[in-house]
Amino acid sequence: MITMHCTVFLFLTLASSVYSETNSPATPPAYTAETELGDQNRVFASRGSNVTLPCRLHRQHGMSFGSVGMRIKWTKLSADESLEEDVLVSMGFHKKSYDSFQGRVHLQEADDDDASLVLSDVSLDDVGKFRCEVIDGIDDVIHEVTLEVQGVVFPYSPRLGRYNLNFHDAEQACLDQDSVVASFDQLYEAWRSGMDWCNAGWLNDGSVQYPVTKPRGPCGGANARAGLRNYGQREKSKSHYDVFCFTSGLKGRLYWLVQPDKLAFTEAVQACQDDGAEIANVAQMYAAWKLNGYDRCDSGWLADGSVRYPISRPRRNCSPTEAAVRFVGFPDKKQKLFGVYCFKGQQ
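Explanation requested: helix H2 (residues 184-192) in the structure shown.
The periodicity of an α-helix, 3.6 residues per turn, causes residues three or four places apart in sequence to face the same way. Turning to H2, its buried residues number three or more, namely Gln186, Leu187, Ala190 and Trp191. Taken down its axis, H2 places every buried residue within 140° of arc, on the same side. The inward-facing, buried residues of H2 abut strand E11 (151-156), strand E14 (207-212), strand E15 (227-233) and strand E16 (242-248). The positive-phi residue at the C-terminal boundary of H2 is glycine 194, with phi of around 110°.

Printed below as a string of structure tokens:
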């Protein structure tokens, strides 16, 4: 068996052209895998776009992907890489896709050496590592590709307060906000970009961590280094923490609804509907703030019953020290003390 592992970050439907292979000096293989790498270590796709995951054959003895008996299998690895989810299997003219990938994947087959996977309508659930396995007799070539989606990580805790989510509740909490539980890599990149949060939260591999850029006593100690504080793997059903969610760019527009009066929560929901929109969720506010630079110094209702406001330009009486999505709390929904943020999707 000849095995090649390489991690590649992809951008939309572009396929680049750097070549990589592994040979055994004693017994040269019939073929090796060829991958395509850009100049950067990481490139991002957008949610809803199409992307090509490269997997090519470097022929040495006249073999090709079109050869009789050649089997191509694409799978997606779980966050901890302990499980594989079938994506597509191909043998000759027989091809089958699976589960959420049905109708969204096909082999590119630009030539006899091309086993690249074309994935359409990229979703947040597609983020992660894919594996292309080419099997012909005793020869087995494995090629791994990591798909990333541009977006934003944000911390989340429910109305019940801090540290009330087991792992499964955390997954649902993110899903309710049109997002997914963030990965370690996503949280790490958020920390590198300046994210500082002192509450521990679940990640999608079952670990619990939190990012600290300004070490201080309550957050691991004032003398500790900046970085990700790691509680390690936790029992998914019995342990309770917050969660770090991940969402991507908006397919629509978040906006402050101008109203003459302050609104109770039910009135806020109705006001957005009357404007041909829906009340915005937390993920949409974070995406508008982080990715689009949205800035508004008015506290407004969101769909989960929380009240928040986004500040991208720190100033007095808004957020004097830092750009942030400010959290007012989960007030009594009957109180007519706030405005509302609405979201209108693309038509």
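We are not done yet, so read on.
Where do I start with the pairing of strand E5 (residues 84-91) in this structure?
Along any regular strand the residues' side chains alternate between the sheet's two faces. Strand direction decides the pairing type here: strand E4 (residues 71-77) and E5, joined by seven bridges, are antiparallel. Among the inter-strand pairings, leucine 77 is bridged to a residue of E5, identified as glutamate 84. In this antiparallel pair of consecutive strands, E4 and E5, the connection spans six residues, and glutamate 81 shows a positive phi of 65°. With four bridges joining them, E5 and strand E6 (residues 94-97) adopt antiparallel strand pairing. The residue of E6 that forms the bridge with serine 90 is lysine 95.

Would you take a moment to explain the sheet that holds strand E8 (residues 117-119) for this structure?
In a beta sheet, neighbouring strands pair by backbone hydrogen bonds and run either parallel or antiparallel. Read across the sheet, three strands follow the order E2-E8-E7 without closing on themselves; strand pairing throughout is antiparallel. Looking at the sheet topology across the chains shown, the edges are occupied by strand E2 (51-53) and strand E7 (105-107). Going across the sheet, the axis of each strand differs from the next one's by a mean of 25°, ignoring polarity. With three bridges connecting them, E7 and E8 associate as antiparallel partners.

Just checking my understanding: could you explain the nonpolar core for this structure?
In this structure, Trp74, Val243 and Tyr341 are the most contacted members of the largest nonpolar core, which totals 73 residues. At seven residues, helix H4 (residues 282-292) tops the list of elements feeding residues into this core. Setting aside chain neighbours within four positions, we find valine 243 in contact with Phe154, Pro155, Tyr156, Leu165, Ala170, Cys174, Val181, Gly201 and Trp202. Leu257, Phe338, Val340 and Cys342 belong to the second largest nonpolar core, which has 14 residues in total.

Quick question: what am I supposed to make of the state of the cysteines here?
As used in these notes, a disulfide is a covalent bond between sulfur atoms, one from each of two cysteines. Taken as a whole, this structure holds five disulfides when the rule is applied. Each sulfur of the disulfide joining cysteine 297 and cysteine 318 lies 2.0 Å from the other. Disulfide cysteine 297 to cysteine 318: torsion about the S-S bond roughly -115°, handedness left-handed. With cysteine 297 in the loop between H4 and strand E19 (300-301) and cysteine 318 in the loop between strand E20 (307-311) and strand E21 (324-329), this pair connects stretches of sequence that are 21 residues apart. With its disulfide-bonded cysteines labelled consecutively along the sequence, the chain is connected as 1-2, 3-6, 4-5, 7-10, 8-9.

What is the right way to look at helix H1 (residues 167-176) in this model?
Turning to H1, its buried residues number three or more, namely Phe167, Ala170, Ala173 and Cys174. Take H1 and look down its axis: the buried residues cluster within an arc of 115°, on one side only. Seen from the open side of H1, the exposed residues pointing more than 90 degrees away from its buried face are Leu175 and Asp176. Structurally, H1 contributes buried residues whose contacts are with E11, strand E12 (180-181), strand E13 (201-202) and E16. Capping the start of H1 is the job of one residue whose side-chain oxygen sits 3.1 Å from the backbone nitrogen of histidine 168: asparagine 166. Within two residues after H1, aspartate 178 carries a phi angle of roughly 55°, on the positive side.

Reading the values: the criteria
- Residues numbered from 1 in each chain as written.
- Predicted model: local features only at pLDDT ≥ 70, side-chain atom pairs only at ≥ 80, totals over all residues.
- Heavy atoms only, no water.
- Buried < 20%, exposed > 50% of the residue type's maximum accessible area, 1.4 Å probe, protein only.
- Helix = DSSP H or I, 4+ residues; strand = E, 2+ residues; numbered from the N terminus.
- Arc of directions from axis to C-beta.
- Contact = heavy atoms within 4.5 Å.
- Pairing = 2+ DSSP bridges.
- Axes fitted to C-alpha atoms, helices over the stretch in contact; angles between N-to-C directions.
- Core = buried A, V, L, I, M, F, W, Y, C linked by side-chain atoms within 4.5 Å.
- Disulfide = S-S within 2.5 Å.
- Polar contact = N/O pair within 3.5 Å; in protein donor to acceptor, adjacent residues only side chain to side chain.

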